[in-house]
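# An overview of the molecular structure
If you want the building blocks of each chain, they are given just below.
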Amino acid sequence: MTTATTILAEAEATTPRPGWRARRAAENDDTRKTNWWATALIAVCSLTVLIPLYLAVAVALKTPEQLAAGNGFEWPNPIRWENFADAWARTAFPQALLNTALITVGAVVFTLLTSSVVAYALARNSHRPFFKGVFFYFLAALFIPFPIIMLPLVKQTSLLGLDNQVGMIVLYTIFGISLNVFIYSAYIRSIPIELEEAARVDGASTWRVFWQIVFPLLTPMNATVGILTCVWAWNDFIMPLVVLTDPSARTIPLAQYVFQGQYNTDYTTAFASYLMAMAPLLIVYIFSQRWVISGVTRGSIK
């Protein structure tokens with residue numbers, strides 16, 4: 001009896017307990033270990049964003065005397081909130097905000113509608129020489145610098161009466177189509193063609209197939225293209241500077257240009273205007289980050 005008990009005890013001691021293999025696998029799993037080199041690199045890269053952001057906030061809350069007396073990194077005491085009111089008045093911020101929002105929303109909507117259609121036509125007909133040539137034509141347009149076509153563009157928009165907000169929407173849609181077609185085409189080729197063939201068997205036209213089957217599947221790419229177009233149209237300075245002729249149609253970057261003087265610059269008010277211009281995009285991201293992150297994740301899995 002004693003021998004049997006001893007054998008059972010030894011068997012229990014050598015038998016793996018439940019969860020033992022899982023804990024052992026977790027200890028040997030490299031994905032659970034902290035990569036300190038990558039963590040340090042991410043921390044350093046984050047400082048390149050956080051330090052300028054802190055400097056912008058600190059300067060925007062200072063008086064000109066406080067800014068001249070220090071090195072810029074000291075937290076202001078007392079805080080001067082009037083800089084934001086001065087920037088609001090001197091830049092005619094409500095009108096500039098309305099113009100920028102109108103151009104940005106219009107550019108995003110028309111870009112998503114046109115670039116996706118063009119990319120679908122090129123992706124599904126890439127075996128044809130004409131469509132293949134058009135695709136490479138769009139790719140070649142990516143390598144043309146904007147300053148080369150800037151002066152002819154100004155003359156052409158003036159002749160066509162497009163030196164206004166509508167013209168800016170058209171230009172952003174056209175100039176963005178090269179990169180957007182490149183982004184859309186690769187994703188459309190990964191969508192099974194059997195889905196479209198099944199819809200055509202049921203009598204659906206090509207137009208209906210795209211809008212009811214293909215376009216809803218482009219949600220990840222729509223999010224990517226929409227974000228790129230939104231940031232570009234909101235922050236662009238060169239194109240509105242050379243195209244817009246009516247002072248009442250100027251965008252926020254153009255309105256902020258008034259702080260650049262010949263001999264000096266009102267840095268405190270200027271930085272306050274920069275934060276005001278950045279705030280709408282941050283608000284949009286806060287409310288839409290769920291769709292942005294899910295779109296990027298679905299795109300990577302696809």
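Just above sits the structure.
First, a word on scope: everything that follows refers to the structure included in this document. Being a predicted model, the structure only gives us computed values, none of them experimental.

## Section: the overall build of the protein
- A count of helices and strands for the protein gives 16 helices and zero strands.
- Summarising the internal contacts of the protein: among those between residues at least 6 apart in sequence, 70% fall at separations of at least 24.
- Carbon and sulfur atoms make up 69% of the accessible area of the protein, which totals about 19,200 Å².

## Thoughts on the packing of helix α6 (residues 93-124) against helix α12 (residues 206-217)
- Direction vectors running N to C along α6 and α12 enclose 110°, while the axes themselves pass 12 Å from each other. With respect to α12, the axis of α6 lies roughly perpendicular. For the pair α6 and α12, the crossing hand works out as right-handed. Of the residues in α12, those in contact with L112, L113, S116, V117 and Y120 of α6 are T206, V209, F210, W211, V214 and F215.

## Focus: a nonpolar patch on the surface
- Among the surface-exposed residues, L47, L50, I51, L53, Y54, F73, W75, I79, W81, M278 and L282 lie close enough to one another that they form a single nonpolar patch of about 1,000 Å² accessible area.
- Those elements that provide at least two residues to the nonpolar patch are α3 (36-60) and α16 (267-301).
- Sorting elements by how many residues they give to the nonpolar patch places α3 first, with five residues.
- Note that I51 resides in helix α3.

## A short note on the environment of L195
- Mapped onto the fold, L195 is located in helix α11 (residues 193-201).
- Assessed through its relative accessible area of 40%, L195 is described here as partly exposed.
- The spacing of L195 and I213 is 18 residues in sequence and 7.7 Å in space, taken between C-alpha atoms.
- Residues within four places of L195 in sequence aside, it is in contact with I213 and L217.

## Some remarks on the pattern of salt bridges
- As enumerated under the stated definition, the model contains four salt bridges in all.
- The salt bridge involving E196 is made with R200; its shortest N-O contact spans 3.8 Å. With E196 and R200 both in helix α11 and four residues apart, the pair spans about one turn of that helix.
- Overlapping salt bridges bring together R124, E196 and R200 as one network.

## A look at the nonpolar core
- Core analysis: the largest hydrophobic core is formed by 26 residues, its most contacted members being Y184, I188, V214 and L218.
- Among the elements of the structure, α6, α7 (129-141), α10 (177-189), α12 and α13 (219-235) are those that each provide at least two residues to this core.
- Excluding residues that lie within four positions of it along the chain, L218 makes contacts with S116, Y184, Y187, I188, I191 and F210.
- Core analysis: the second largest hydrophobic core is formed by 14 residues, F93, F259, A270 and L275 among them.

## Concerning the packing of α10 against α13
- The interhelical angle for the contact between α10 and α13, taken along N-to-C directions, is 170°, at an axis separation of 10 Å. As far as their axial angle goes, α13 and α10 are roughly antiparallel. Between α10 and α13, the residues in contact are N180, I183, Y184 and Y187 and P220, M221, N222, V225, L228 and T229, respectively.
- For the contact of α10 with α13, a count of residues per class yields seven nonpolar, three polar and no charged.

## Notes on unusual backbone geometry
- Here the residue pair N77 and P78 is connected by a cis peptide bond, since its omega of 5° sits within 30 degrees of zero.
- Relative to the elements of secondary structure, P78 occurs in the loop between α4 (64-69) and α5 (82-90).
- The backbone of A92 sits at a positive phi, close to 50°, despite the residue not being glycine.
- Tracing the sequence through the fold places A92 in the loop between α5 and α6.

Conventions we followed
- Residues numbered from 1 in each chain as written.
- Predicted model: local features only at pLDDT ≥ 70, side-chain atom pairs only at ≥ 80, totals over all residues.
- Heavy atoms only, no water.
- Helix = DSSP H or I, 4+ residues; strand = E, 2+ residues; numbered from the N terminus.
- Contact = heavy atoms within 4.5 Å.
- Areas by Shrake-Rupley, 256 points an atom, 1.4 Å probe, with all protein chains shown as cover.
- Axes fitted to C-alpha atoms, helices over the stretch in contact; angles between N-to-C directions.
- Parallel < 35°, antiparallel > 145°, perpendicular 65-115°, else oblique.
- Left-handed = near helix turned anticlockwise from the far one by under 90°.
- Patch = residues over 30% accessible without salt bridge, like charges linked within 9 Å, V, L, I, M, F, W, Y side chains within 5 Å.
- Salt bridge = Lys/Arg side-chain N within 4 Å of Asp/Glu carboxyl O.
- Buried < 20%, exposed > 50% of the residue type's maximum accessible area, 1.4 Å probe, protein only.
- Core = buried A, V, L, I, M, F, W, Y, C linked by side-chain atoms within 4.5 Å.
- Nonpolar A, V, L, I, M, F, W, Y, C, P; charged D, E, K, R; others polar.

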